[in-house]
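Chain by chain, the residues:
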Amino acid sequence: MCLTLPAPPALARRRVEITGPTEAKMLINAFNSGADVFMVDFEDANSPTWSNLVGGQANLTEAIDGTLRFTSPEGKEYRLAEKTAVPVVRPRGWHLVERNVLVDGAPMSASLFDFGLCFFHNARPLLERGLGPYFYLPKLEGHLEARLWNDAFNAAQDGLGLDRGTIRATVLIETILAAFEMEEILYELRQHSAGLNAGRWDYIFSMIKTFRERREFVLPDRTDVKMTVPFMLAYTELLVATCHRRGAFAMGGMAALIPSRRDPQANQRAIDAVIQDKRREAAAGFDGTWVAHPDVVGVAREAFDAVLGDRPNQIDRRRDDVSVTPDELLDAAATPGAITEAGLRGNINVAFQYISFWLTGRGAVGINNLMEDAATAEISRSQVWQWLHNDITLDDGPKVTRELVERVIAEELETIREQAGGGPSAGYLDQAVALFREVALADDYVEFLTLPAYERMP
(Lines give C-alpha, C1' and ligand atoms only; values in the text may rest on other atoms or scores of the structure.)
Protein backbone atom coordinates (compact mmCIF):
# COMPACT_ATOMS: atom_id res chain seq x y z
CA MET A 1 0.00 0.00 0.00
CA CYS A 2 1.37 3.44 -0.95
CA LEU A 3 1.84 5.88 1.90
CA THR A 4 3.21 8.81 -0.05
CA LEU A 5 1.77 11.09 -2.70
CA PRO A 6 3.02 10.58 -6.28
CA ALA A 7 6.26 12.41 -7.02
CA PRO A 8 5.94 15.81 -8.69
CA PRO A 9 7.14 15.73 -12.33
CA ALA A 10 10.38 17.54 -11.49
CA LEU A 11 11.38 14.75 -9.07
CA ALA A 12 10.16 11.74 -11.05
CA ARG A 13 13.65 11.12 -12.44
CA ARG A 14 16.48 11.23 -9.91
CA ARG A 15 18.95 8.85 -11.52
CA VAL A 16 22.05 10.83 -10.52
CA GLU A 17 22.24 13.44 -7.76
CA ILE A 18 25.35 15.50 -7.13
CA THR A 19 26.05 17.03 -3.75
CA GLY A 20 28.16 19.96 -2.63
CA PRO A 21 28.41 23.23 -0.70
CA THR A 22 27.03 26.63 -1.63
CA GLU A 23 30.10 28.59 -2.77
CA ALA A 24 29.26 30.27 -6.09
CA LYS A 25 31.71 28.42 -8.34
CA MET A 26 30.79 25.02 -6.89
CA LEU A 27 27.09 25.82 -7.14
CA ILE A 28 27.42 26.66 -10.83
CA ASN A 29 29.52 23.58 -11.58
CA ALA A 30 27.06 21.31 -9.76
CA PHE A 31 24.00 22.83 -11.44
CA ASN A 32 25.75 22.41 -14.81
CA SER A 33 27.11 18.90 -14.09
CA GLY A 34 24.47 16.97 -16.03
CA ALA A 35 23.06 15.44 -12.85
CA ASP A 36 19.28 15.25 -12.48
CA VAL A 37 19.34 16.75 -8.98
CA PHE A 38 21.77 18.96 -7.07
CA MET A 39 21.65 18.45 -3.31
CA VAL A 40 22.56 21.94 -2.10
CA ASP A 41 24.28 21.28 1.19
CA PHE A 42 24.16 23.56 4.21
CA GLU A 43 25.03 20.60 6.44
CA ASP A 44 27.98 18.16 6.37
CA ALA A 45 29.70 19.67 3.31
CA ASN A 46 29.34 23.19 4.69
CA SER A 47 31.40 24.91 7.36
CA PRO A 48 28.76 27.07 9.13
CA THR A 49 30.45 30.43 9.11
CA TRP A 50 27.97 33.29 8.93
CA SER A 51 29.29 34.30 5.50
CA ASN A 52 28.95 30.71 4.21
CA LEU A 53 25.38 30.46 5.45
CA VAL A 54 24.04 33.83 4.38
CA GLY A 55 26.21 34.03 1.28
CA GLY A 56 25.20 30.51 0.36
CA GLN A 57 21.50 31.38 0.66
CA ALA A 58 22.06 34.44 -1.55
CA ASN A 59 23.96 32.33 -4.11
CA LEU A 60 21.15 29.78 -4.17
CA THR A 61 18.50 32.45 -4.69
CA GLU A 62 20.51 33.94 -7.58
CA ALA A 63 20.94 30.49 -9.09
CA ILE A 64 17.20 29.84 -8.93
CA ASP A 65 16.64 33.23 -10.58
CA GLY A 66 19.20 32.28 -13.24
CA THR A 67 21.42 35.28 -12.50
CA LEU A 68 24.31 33.68 -10.60
CA ARG A 69 27.75 34.48 -12.05
CA PHE A 70 31.30 33.90 -10.84
CA THR A 71 34.67 35.13 -12.12
CA SER A 72 37.80 33.44 -10.81
CA PRO A 73 40.93 35.40 -9.84
CA GLU A 74 42.40 34.21 -13.15
CA GLY A 75 39.52 35.79 -15.03
CA LYS A 76 37.60 32.62 -15.92
CA GLU A 77 33.85 33.20 -15.98
CA TYR A 78 31.28 30.70 -14.75
CA ARG A 79 27.63 30.92 -15.78
CA LEU A 80 24.61 28.67 -15.43
CA ALA A 81 23.70 26.51 -18.42
CA GLU A 82 20.26 26.65 -20.00
CA LYS A 83 19.37 23.26 -18.50
CA THR A 84 20.40 22.73 -14.88
CA ALA A 85 19.89 20.16 -12.14
CA VAL A 86 16.84 20.37 -9.87
CA PRO A 87 17.85 21.90 -6.51
CA VAL A 88 17.10 19.96 -3.32
CA VAL A 89 18.35 21.72 -0.19
CA ARG A 90 19.78 20.04 2.91
CA PRO A 91 19.50 22.18 6.07
CA ARG A 92 21.53 21.44 9.16
CA GLY A 93 20.36 18.80 11.64
CA TRP A 94 18.22 19.24 14.75
CA HIS A 95 21.25 18.96 17.06
CA LEU A 96 22.74 22.25 15.83
CA VAL A 97 21.92 25.88 16.64
CA GLU A 98 22.48 29.16 14.81
CA ARG A 99 24.25 31.39 17.34
CA ASN A 100 23.89 34.54 15.22
CA VAL A 101 20.07 34.57 15.45
CA LEU A 102 18.39 34.64 18.85
CA VAL A 103 14.80 33.75 19.69
CA ASP A 104 13.72 34.77 23.19
CA GLY A 105 17.37 35.33 24.01
CA ALA A 106 18.56 31.89 22.94
CA PRO A 107 20.19 30.69 19.68
CA MET A 108 17.55 29.37 17.30
CA SER A 109 17.46 25.96 15.64
CA ALA A 110 19.94 25.78 12.77
CA SER A 111 17.53 23.47 10.97
CA LEU A 112 14.72 26.01 11.01
CA PHE A 113 17.06 28.88 10.15
CA ASP A 114 18.35 27.14 7.01
CA PHE A 115 14.94 25.82 5.99
CA GLY A 116 13.08 29.06 6.73
CA LEU A 117 15.40 31.32 4.76
CA CYS A 118 15.41 29.00 1.77
CA PHE A 119 11.66 28.44 1.76
CA PHE A 120 10.70 32.09 2.25
CA HIS A 121 12.92 33.40 -0.53
CA ASN A 122 12.68 30.58 -3.05
CA ALA A 123 9.42 28.63 -2.77
CA ARG A 124 7.40 30.78 -5.18
CA PRO A 125 10.23 31.32 -7.72
CA LEU A 126 10.78 27.55 -7.80
CA LEU A 127 7.08 26.88 -8.36
CA GLU A 128 7.03 29.45 -11.17
CA ARG A 129 9.78 27.43 -12.87
CA GLY A 130 7.79 24.21 -12.63
CA LEU A 131 9.90 22.96 -9.72
CA GLY A 132 9.17 23.23 -6.01
CA PRO A 133 10.63 23.62 -2.52
CA TYR A 134 12.39 20.30 -2.12
CA PHE A 135 14.56 19.29 0.85
CA TYR A 136 16.81 16.59 2.26
CA LEU A 137 16.44 16.02 6.02
CA PRO A 138 19.58 14.84 7.87
CA LYS A 139 20.42 13.05 11.10
CA LEU A 140 16.88 11.96 12.07
CA GLU A 141 16.78 9.28 14.76
CA GLY A 142 13.07 8.52 14.77
CA HIS A 143 9.53 9.32 13.71
CA LEU A 144 8.98 12.11 16.26
CA GLU A 145 11.70 14.18 14.61
CA ALA A 146 9.99 13.53 11.27
CA ARG A 147 6.71 14.71 12.81
CA LEU A 148 8.42 17.92 13.95
CA TRP A 149 9.60 18.55 10.38
CA ASN A 150 6.10 17.88 9.10
CA ASP A 151 4.70 20.45 11.53
CA ALA A 152 7.31 22.97 10.35
CA PHE A 153 6.38 22.29 6.73
CA ASN A 154 2.69 22.84 7.40
CA ALA A 155 3.35 26.08 9.28
CA ALA A 156 5.59 27.37 6.48
CA GLN A 157 3.14 26.49 3.71
CA ASP A 158 0.23 28.02 5.61
CA GLY A 159 2.30 31.15 6.22
CA LEU A 160 2.91 31.69 2.51
CA GLY A 161 -0.54 30.57 1.44
CA LEU A 162 0.73 27.47 -0.37
CA ASP A 163 -1.07 24.15 -0.50
CA ARG A 164 0.03 21.55 2.02
CA GLY A 165 2.07 18.93 0.20
CA THR A 166 3.87 21.52 -1.93
CA ILE A 167 7.07 20.81 0.00
CA ARG A 168 8.69 17.46 -0.67
CA ALA A 169 11.39 16.00 1.56
CA THR A 170 13.71 13.03 1.31
CA VAL A 171 14.93 11.72 4.65
CA LEU A 172 18.49 10.49 5.03
CA ILE A 173 18.50 7.21 6.90
CA GLU A 174 21.94 7.75 8.39
CA THR A 175 21.47 6.63 11.99
CA ILE A 176 21.03 3.10 13.26
CA LEU A 177 17.99 4.22 15.27
CA ALA A 178 16.22 5.56 12.17
CA ALA A 179 16.85 2.25 10.39
CA PHE A 180 14.35 0.68 12.82
CA GLU A 181 11.71 3.36 12.07
CA MET A 182 11.75 3.72 8.28
CA GLU A 183 8.05 2.91 7.97
CA GLU A 184 7.12 5.34 10.74
CA ILE A 185 9.24 8.14 9.26
CA LEU A 186 7.58 7.71 5.87
CA TYR A 187 4.19 7.74 7.58
CA GLU A 188 4.81 10.97 9.52
CA LEU A 189 5.91 12.76 6.32
CA ARG A 190 3.46 11.01 4.01
CA GLN A 191 1.99 14.27 2.64
CA HIS A 192 5.46 15.68 2.02
CA SER A 193 7.61 12.61 1.47
CA ALA A 194 9.94 12.12 -1.48
CA GLY A 195 11.47 8.93 -0.09
CA LEU A 196 14.54 7.85 1.84
CA ASN A 197 18.27 7.99 1.18
CA ALA A 198 21.00 5.60 2.33
CA GLY A 199 23.37 8.04 4.04
CA ARG A 200 26.20 5.55 4.28
CA TRP A 201 28.98 7.53 5.97
CA ASP A 202 26.89 8.96 8.79
CA TYR A 203 25.31 5.51 9.19
CA ILE A 204 28.72 3.98 9.91
CA PHE A 205 29.43 6.84 12.31
CA SER A 206 26.09 6.20 14.04
CA MET A 207 26.83 2.50 14.46
CA ILE A 208 30.14 3.31 16.14
CA LYS A 209 28.69 6.11 18.27
CA THR A 210 25.58 4.26 19.46
CA PHE A 211 27.40 1.10 20.56
CA ARG A 212 30.82 2.60 21.21
CA GLU A 213 31.42 0.83 24.54
CA ARG A 214 30.37 -2.66 23.40
CA ARG A 215 33.22 -4.74 22.04
CA GLU A 216 31.00 -6.74 19.67
CA PHE A 217 30.35 -3.51 17.75
CA VAL A 218 34.00 -2.59 17.25
CA LEU A 219 34.58 -2.06 13.54
CA PRO A 220 37.81 -2.59 11.57
CA ASP A 221 39.67 0.07 9.59
CA ARG A 222 37.33 2.50 7.88
CA THR A 223 38.50 1.30 4.46
CA ASP A 224 37.25 -2.21 5.27
CA VAL A 225 33.69 -1.11 6.12
CA LYS A 226 32.25 -1.42 2.64
CA MET A 227 28.64 -1.35 1.48
CA THR A 228 28.66 -5.13 1.02
CA VAL A 229 29.50 -6.02 4.64
CA PRO A 230 26.55 -7.73 6.37
CA PHE A 231 25.13 -4.90 8.48
CA MET A 232 25.40 -2.36 5.66
CA LEU A 233 23.87 -4.71 3.10
CA ALA A 234 20.97 -5.48 5.45
CA TYR A 235 20.29 -1.76 5.96
CA THR A 236 20.30 -0.88 2.26
CA GLU A 237 18.18 -3.87 1.27
CA LEU A 238 15.61 -2.97 3.92
CA LEU A 239 15.56 0.64 2.76
CA VAL A 240 14.76 -0.26 -0.85
CA ALA A 241 12.08 -2.76 0.15
CA THR A 242 10.45 -0.35 2.62
CA CYS A 243 10.40 2.57 0.21
CA HIS A 244 9.05 0.65 -2.77
CA ARG A 245 6.38 -1.05 -0.69
CA ARG A 246 5.14 2.46 0.16
CA GLY A 247 5.54 4.00 -3.29
CA ALA A 248 8.52 6.14 -2.28
CA PHE A 249 11.96 6.75 -3.77
CA ALA A 250 14.95 4.78 -2.50
CA MET A 251 18.10 6.81 -3.11
CA GLY A 252 21.59 5.34 -3.02
CA GLY A 253 24.62 6.55 -1.14
CA MET A 254 27.52 8.86 -1.82
CA ALA A 255 30.42 7.93 -4.08
CA ALA A 256 33.12 9.90 -2.29
CA LEU A 257 35.89 9.01 -4.74
CA ILE A 258 37.37 11.94 -6.64
CA PRO A 259 38.85 11.34 -10.10
CA SER A 260 42.38 12.60 -10.69
CA ARG A 261 43.07 14.72 -13.76
CA ARG A 262 46.82 14.44 -13.16
CA ASP A 263 47.22 10.71 -12.49
CA PRO A 264 45.59 8.49 -15.15
CA GLN A 265 45.97 5.33 -13.07
CA ALA A 266 44.43 6.89 -9.96
CA ASN A 267 41.68 8.30 -12.14
CA GLN A 268 40.86 4.89 -13.59
CA ARG A 269 40.80 3.30 -10.13
CA ALA A 270 38.33 5.92 -8.97
CA ILE A 271 36.12 5.50 -12.04
CA ASP A 272 36.15 1.70 -11.74
CA ALA A 273 35.18 1.90 -8.06
CA VAL A 274 32.28 4.24 -8.81
CA ILE A 275 31.06 1.97 -11.63
CA GLN A 276 31.09 -1.07 -9.36
CA ASP A 277 29.32 0.78 -6.55
CA LYS A 278 26.57 2.20 -8.78
CA ARG A 279 25.97 -1.04 -10.64
CA ARG A 280 25.39 -2.72 -7.29
CA GLU A 281 22.91 -0.04 -6.21
CA ALA A 282 20.98 -0.11 -9.48
CA ALA A 283 20.76 -3.92 -9.37
CA ALA A 284 19.53 -3.75 -5.75
CA GLY A 285 16.57 -1.58 -6.78
CA PHE A 286 17.65 1.95 -5.91
CA ASP A 287 16.03 4.67 -8.01
CA GLY A 288 19.11 6.88 -8.11
CA THR A 289 22.36 7.66 -6.39
CA TRP A 290 24.72 10.34 -5.13
CA VAL A 291 28.09 11.48 -6.44
CA ALA A 292 30.48 14.14 -5.15
CA HIS A 293 32.20 15.20 -8.37
CA PRO A 294 30.96 16.22 -11.84
CA ASP A 295 33.47 13.89 -13.53
CA VAL A 296 31.64 10.78 -12.29
CA VAL A 297 28.09 11.87 -13.14
CA GLY A 298 28.30 10.12 -16.51
CA VAL A 299 29.54 6.76 -15.24
CA ALA A 300 26.94 6.73 -12.46
CA ARG A 301 24.23 7.47 -15.02
CA GLU A 302 25.40 4.65 -17.27
CA ALA A 303 25.06 2.16 -14.41
CA PHE A 304 21.45 3.17 -13.79
CA ASP A 305 20.57 3.52 -17.48
CA ALA A 306 21.61 -0.10 -17.98
CA VAL A 307 19.05 -1.27 -15.41
CA LEU A 308 16.23 1.28 -15.72
CA GLY A 309 16.21 1.82 -19.48
CA ASP A 310 13.53 4.37 -20.35
CA ARG A 311 11.80 4.16 -16.97
CA PRO A 312 12.27 7.26 -14.77
CA ASN A 313 12.67 5.09 -11.68
CA GLN A 314 12.05 1.54 -10.46
CA ILE A 315 9.62 2.19 -7.63
CA ASP A 316 7.45 -0.56 -9.09
CA ARG A 317 10.15 -3.12 -8.18
CA ARG A 318 8.84 -4.19 -4.80
CA ARG A 319 11.75 -6.35 -3.54
CA ASP A 320 9.34 -8.75 -1.82
CA ASP A 321 12.29 -11.15 -1.61
CA VAL A 322 13.90 -9.03 1.11
CA SER A 323 13.51 -10.10 4.72
CA VAL A 324 15.79 -8.32 7.18
CA THR A 325 15.84 -9.05 10.91
CA PRO A 326 16.90 -6.72 13.74
CA ASP A 327 19.87 -8.99 14.42
CA GLU A 328 21.05 -8.53 10.84
CA LEU A 329 20.85 -4.74 11.13
CA LEU A 330 23.02 -4.96 14.25
CA ASP A 331 25.52 -7.54 13.04
CA ALA A 332 28.62 -5.35 13.17
CA ALA A 333 30.61 -8.31 14.49
CA ALA A 334 30.43 -10.03 11.08
CA THR A 335 32.30 -7.18 9.38
CA PRO A 336 35.51 -8.61 7.91
CA GLY A 337 38.75 -6.67 8.10
CA ALA A 338 41.59 -5.69 10.39
CA ILE A 339 42.45 -2.90 12.80
CA THR A 340 45.87 -1.71 11.75
CA GLU A 341 48.42 1.01 12.44
CA ALA A 342 47.75 2.34 8.93
CA GLY A 343 44.07 2.61 9.83
CA LEU A 344 44.88 4.46 13.05
CA ARG A 345 47.24 6.85 11.25
CA GLY A 346 44.76 7.41 8.46
CA ASN A 347 42.00 8.34 10.90
CA ILE A 348 44.20 10.80 12.77
CA ASN A 349 45.61 12.34 9.60
CA VAL A 350 42.23 12.83 7.94
CA ALA A 351 40.64 14.22 11.11
CA PHE A 352 43.45 16.77 11.57
CA GLN A 353 43.30 17.95 7.99
CA TYR A 354 39.52 18.10 7.81
CA ILE A 355 39.06 19.97 11.11
CA SER A 356 41.73 22.52 10.18
CA PHE A 357 40.00 23.19 6.85
CA TRP A 358 36.57 23.30 8.54
CA LEU A 359 37.78 26.05 10.87
CA THR A 360 38.86 28.10 7.83
CA GLY A 361 35.37 27.83 6.35
CA ARG A 362 35.70 24.80 4.06
CA GLY A 363 33.27 21.95 4.76
CA ALA A 364 34.07 19.65 1.82
CA VAL A 365 37.75 18.81 1.30
CA GLY A 366 39.49 16.49 -1.13
CA ILE A 367 42.01 14.37 0.80
CA ASN A 368 43.80 11.41 -0.80
CA ASN A 369 41.34 11.32 -3.73
CA LEU A 370 38.33 11.16 -1.41
CA MET A 371 35.82 13.92 -0.72
CA GLU A 372 35.86 14.23 3.04
CA ASP A 373 33.09 15.98 4.96
CA ALA A 374 31.89 16.12 8.54
CA ALA A 375 30.51 12.58 8.38
CA THR A 376 33.80 10.96 7.39
CA ALA A 377 35.68 13.05 9.96
CA GLU A 378 33.20 11.76 12.57
CA ILE A 379 34.03 8.17 11.59
CA SER A 380 37.75 8.87 11.89
CA ARG A 381 37.68 10.36 15.39
CA SER A 382 35.01 7.91 16.63
CA GLN A 383 37.02 4.88 15.58
CA VAL A 384 40.01 6.15 17.54
CA TRP A 385 37.77 6.63 20.61
CA GLN A 386 36.21 3.18 20.14
CA TRP A 387 39.52 1.36 19.72
CA LEU A 388 41.07 3.16 22.69
CA HIS A 389 38.16 2.54 25.06
CA ASN A 390 37.75 -1.12 24.11
CA ASP A 391 41.43 -2.03 24.68
CA ILE A 392 41.97 -3.00 21.05
CA THR A 393 45.32 -4.40 19.95
CA LEU A 394 46.36 -3.55 16.41
CA ASP A 395 46.67 -6.53 14.08
CA ASP A 396 50.17 -5.42 13.14
CA GLY A 397 51.28 -3.65 16.27
CA PRO A 398 50.74 -2.79 19.93
CA LYS A 399 47.64 -2.15 21.98
CA VAL A 400 45.84 1.14 21.31
CA THR A 401 46.69 3.30 24.31
CA ARG A 402 46.71 7.03 24.95
CA GLU A 403 50.48 6.95 24.69
CA LEU A 404 50.34 5.29 21.27
CA VAL A 405 47.70 7.71 20.01
CA GLU A 406 49.68 10.70 21.28
CA ARG A 407 52.80 9.43 19.52
CA VAL A 408 50.92 9.01 16.25
CA ILE A 409 49.35 12.46 16.71
CA ALA A 410 52.80 14.02 16.95
CA GLU A 411 54.12 12.13 13.94
CA GLU A 412 51.11 12.81 11.71
CA LEU A 413 51.05 16.46 12.75
CA GLU A 414 54.65 16.87 11.61
CA THR A 415 53.81 15.25 8.27
CA ILE A 416 50.77 17.47 7.73
CA ARG A 417 52.71 20.63 8.61
CA GLU A 418 55.25 19.78 5.93
CA GLN A 419 52.49 19.15 3.38
CA ALA A 420 50.43 22.22 4.31
CA GLY A 421 53.35 24.64 4.12
CA GLY A 422 51.90 28.11 4.46
CA GLY A 423 48.41 27.18 3.26
CA PRO A 424 45.31 28.70 4.88
CA SER A 425 44.63 25.65 7.05
CA ALA A 426 48.17 25.54 8.52
CA GLY A 427 47.37 28.21 11.08
CA TYR A 428 44.51 26.15 12.46
CA LEU A 429 46.39 22.87 12.98
CA ASP A 430 47.02 23.48 16.68
CA GLN A 431 43.30 24.11 17.21
CA ALA A 432 42.50 21.01 15.17
CA VAL A 433 44.79 18.88 17.34
CA ALA A 434 43.25 20.27 20.54
CA LEU A 435 39.76 19.58 19.24
CA PHE A 436 40.73 16.08 18.12
CA ARG A 437 42.04 15.26 21.57
CA GLU A 438 38.75 16.51 23.05
CA VAL A 439 36.56 14.34 20.80
CA ALA A 440 38.76 11.26 20.45
CA LEU A 441 40.61 10.87 23.75
CA ALA A 442 38.25 12.18 26.43
CA ASP A 443 36.64 9.74 28.86
CA ASP A 444 33.19 11.05 27.95
CA TYR A 445 32.26 10.68 24.31
CA VAL A 446 31.25 13.92 22.54
CA GLU A 447 28.10 13.29 20.47
CA PHE A 448 29.15 15.45 17.48
CA LEU A 449 32.55 16.98 16.83
CA THR A 450 30.84 19.93 15.12
CA LEU A 451 29.42 21.07 18.48
CA PRO A 452 32.75 21.98 20.13
CA ALA A 453 34.16 22.90 16.71
CA TYR A 454 31.40 25.49 16.26
CA GLU A 455 32.42 27.14 19.53
CA ARG A 456 35.99 27.45 18.20
CA MET A 457 34.94 28.89 14.86
CA PRO A 458 36.15 32.49 14.34
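As a convention, each chain's residues are numbered from 1 in the sequence order in which they are written. In keeping with the model being predicted, local features are shown solely for residues with a pLDDT of at least 70 and side-chain atom pairs are shown and tallied solely at 80 or more, while totals for entire chains, interfaces and linings include all residues. Hydrogens are left out, water is left out, and the side-chain values use all remaining heavy atoms of the structure.

With respect to the overall build of the chain
1) Next: Within the chain, the secondary structure is distributed over 16 helices and 14 strands.
2) Next: Our radius of gyration is a C-alpha quantity, and the globule rule it is checked against amounts to 2.2 Å times the number of residues to the power 0.38. The C-alpha radius of gyration of the chain comes to 21 Å, within 12% of the 23 Å expected for a compact globule of 458 residues.
3) Next: Dimensions along the principal axes, computed over C-alpha positions, put the chain at roughly 60 × 55 × 55 Å.
4) Next: Within the chain, the proportion of its 458 residues that are buried is 58%.
5) Next: What makes two residues a contact is simply this: any of their non-hydrogen atoms within 4.5 Å. In the chain, once contacts between residues fewer than 6 apart in sequence are set aside, the share between residues at least 24 apart is 77%.
6) Next: Shrake-Rupley sampling with a 1.4 Å probe provides the accessible areas, and residues are treated as covered by the protein chains on show and by no other component. Roughly 18,400 Å² of accessible area belongs to the chain as shown, and the carbon and sulfur atoms make up 52% of that amount.
7) Next: Positive charge is attributed to Lys and Arg, negative charge to Asp and Glu, and no charge count is given to His or to the chain ends. Where a charge sits is defined by one atom per residue type, namely NZ (Lys), CZ (Arg), CG (Asp) or CD (Glu). Each charge sign in the chain was given a centre, from 47 positive and 65 negative side chains, and these centres are 4 Å apart. Starting at the N terminus, helices and strands are each numbered in turn, a helix being any DSSP run of H or I of at least four residues and a strand any DSSP run of E of at least two. Relative accessibility thresholds used throughout: buried, under 20% of the residue-type maximum; exposed, over 50%; partly exposed, between the two (1.4 Å probe, protein chains only).

Examining helix α3 (residues 110–128)
1) Next: To estimate the expected span of a helix, subtract one from its residue number and multiply by 1.5 Å. Between its first and last C-alpha, α3 extends 27 Å over 19 residues, near the 27 Å set by a 1.5 Å rise per residue.
2) Next: At any given residue, the bend is defined as the angle formed between two axes, one fitted to the seven residues that end at that position and one fitted to the seven that begin there. At N122, α3 shows its strongest bend, of approximately 50 degrees, with the proline P125 following within four residues.
3) Next: For α3, every residue scored as buried is listed here: A110, S111, F113, D114, F115, C118, F119, N122, A123 and L126.
4) Next: The elements touched by buried residues of α3 are α2 (50–65), β5 (86–90), β6 (97–103), β7 (106–109), β8 (134–137) and α4 (143–160).
5) Next: Pairing of N or O atoms within 3.5 Å defines a polar contact, subject to two protein rules: one partner must be a possible hydrogen donor and the other a possible acceptor, and residues neighboring in sequence count only if both atoms are side-chain atoms. Where α3 begins, one side-chain oxygen reaches toward the backbone nitrogen of S111, 3.2 Å away; that side chain belongs to S109.
6) Next: Just downstream of α3 lies G130, where phi reads positive at about 80 degrees.

Considering the nonpolar core
In a soluble, globular protein the nonpolar side chains are often hidden away together inside.
1) Next: Only buried residues count toward a nonpolar core. Its members are Ala, Val, Leu, Ile, Met, Phe, Trp, Tyr and Cys residues joined through side-chain atoms within 4.5 Å. The biggest cluster of nonpolar side chains holds 109 residues, and the ones touching the most others in it are L137, I173, L196, Y235 and L239.
2) Next: Residue contributions to this core peak at 8 residues, all from helix α8 (residues 230–245).

Details of the side chain of E188
1) Next: Its place among the elements puts E188 in helix α6 (residues 182–188).
2) Next: Here R147 takes part through its side chain, which lies 2.8 Å from a polar atom of the side chain of E188.
3) Next: Filtering out sequence-adjacent residues up to four positions away, E188 remains in contact with H143, A146, R147 and N150.

With respect to the pairing of β6
On a regular strand, each side chain points to the face opposite its neighbour's, so the side chains alternate between the two faces of the sheet.
1) Next: In this description, strands pair whenever DSSP reports at least two bridges between them. Pairing analysis gives 4 bridges linking β6 to β7, with the strands arranged antiparallel. Bridge pairing in β7 links E98 to M108.
2) Next: Connecting the antiparallel pair β6 and β7 is a turn made up of 2 residues, with D104 showing a positive phi of about 55 degrees.

Looking at the packing of helix α12 (residues 341–360) against helix α13 (residues 374–389)
1) Next: Lines fitted to the C-alpha atoms define the axes, with helices restricted to the stretch that makes contact. Angles between their N-to-C directions range from 0 to 180 degrees. Interaxial distance between α12 and α13 falls to 9 Å at its minimum, and their mutual angle equals 135 degrees. Taken together, the axes of α12 and α13 are oblique relative to one another. By crossing handedness, the relation of α12 to α13 is classed as left-handed. Across the interface between the two elements, G343, L344, N347, I348, V350, A351 and Y354 from α12 touch A374, A377, S380, Q383, V384 and W387 from α13.
2) Next: Classifying every residue of the contact of α12 with α13 gives 9 nonpolar, 4 polar and no charged. Working rule for angles: under 35 degrees goes down as roughly parallel, over 145 as roughly antiparallel, 65 to 115 as roughly perpendicular, anything else as oblique. It is the rotation of the near helix from the far one that decides the hand of a crossing: anticlockwise by less than a right angle makes it left-handed, clockwise makes it right-handed. In this classification, the charged set is Asp, Glu, Lys and Arg, the nonpolar set is Ala, Val, Leu, Ile, Met, Phe, Trp, Tyr, Cys and Pro, and all remaining amino acids, among them Gly, are polar.

Notes on the pattern of salt bridges
1) Next: Note on definitions: salt bridges are taken to be side-chain nitrogens of Lys or Arg within 4 Å of carboxyl oxygens of Asp or Glu. Under the definition given, this model contains 40 salt bridges.
2) Next: The closest approach of N and O atoms between R79 and E77, which form a salt bridge, is 3.7 Å.
3) Next: Accessibility expressed as a relative area gives 47% for R79, which makes it partly exposed.
4) Next: Note that R246 and E183 form a salt bridge whose closest N and O atoms lie 2.7 Å from each other. Of the two residues, R246 is situated in the loop between α8 and β11 (250–255) and E183 in helix α6; the sequence distance between them amounts to 63 residues.
5) Next: R246 gets classed as buried once you look at its relative accessible area, which sits at 17%.
6) Next: Residues joined in a network through salt bridges with shared partners are D41, E43, D44, R90, K139 and D202.

Topic: the side chain of N122
1) Next: Relative to the assigned elements, N122 resides in helix α3.
2) Next: Taking relative accessible area as the criterion, N122 reaches 1% and is therefore assigned buried.
3) Next: If sequence neighbours within four positions are ignored, N122 has contacts with L60, T61 and I64.

Here we look at the packing of aromatic side chains
1) Next: Paired rings are identified among Phe, Tyr and Trp, the last through its six-membered ring, by centres lying within 6.5 Å, and are further divided according to the angle between planes into stacked (under 30 degrees), edge-to-face (over 60) and tilted (the rest). Taken as a whole and assessed by the stated rule, the structure comprises 16 aromatic pairs.
2) Next: Between Y136 and W290, the ring centres sit 5.2 Å apart and the planes meet at 80 degrees, which makes this aromatic pair edge-to-face. One end of the pair, Y136, is in strand β8; the other, W290, is in strand β12 (residues 288–291), and 154 residues separate them in sequence.
3) Next: A relative accessible area of 0% means that Y136 is categorised as buried.
4) Next: Ring plane angle 35 degrees and centroid distance 5.6 Å describe the contact between W149 and F153, whose orientation is recorded as tilted. Here W149 pairs with F153, and both are found in helix α4, just 4 residues apart, close to one helical turn. Each of the two residues, W149 as well as F153, counts as buried.
5) Next: These aromatic residues form a ring-pair network of at least three members: W94, F115, F119, F135, W149 and F153.

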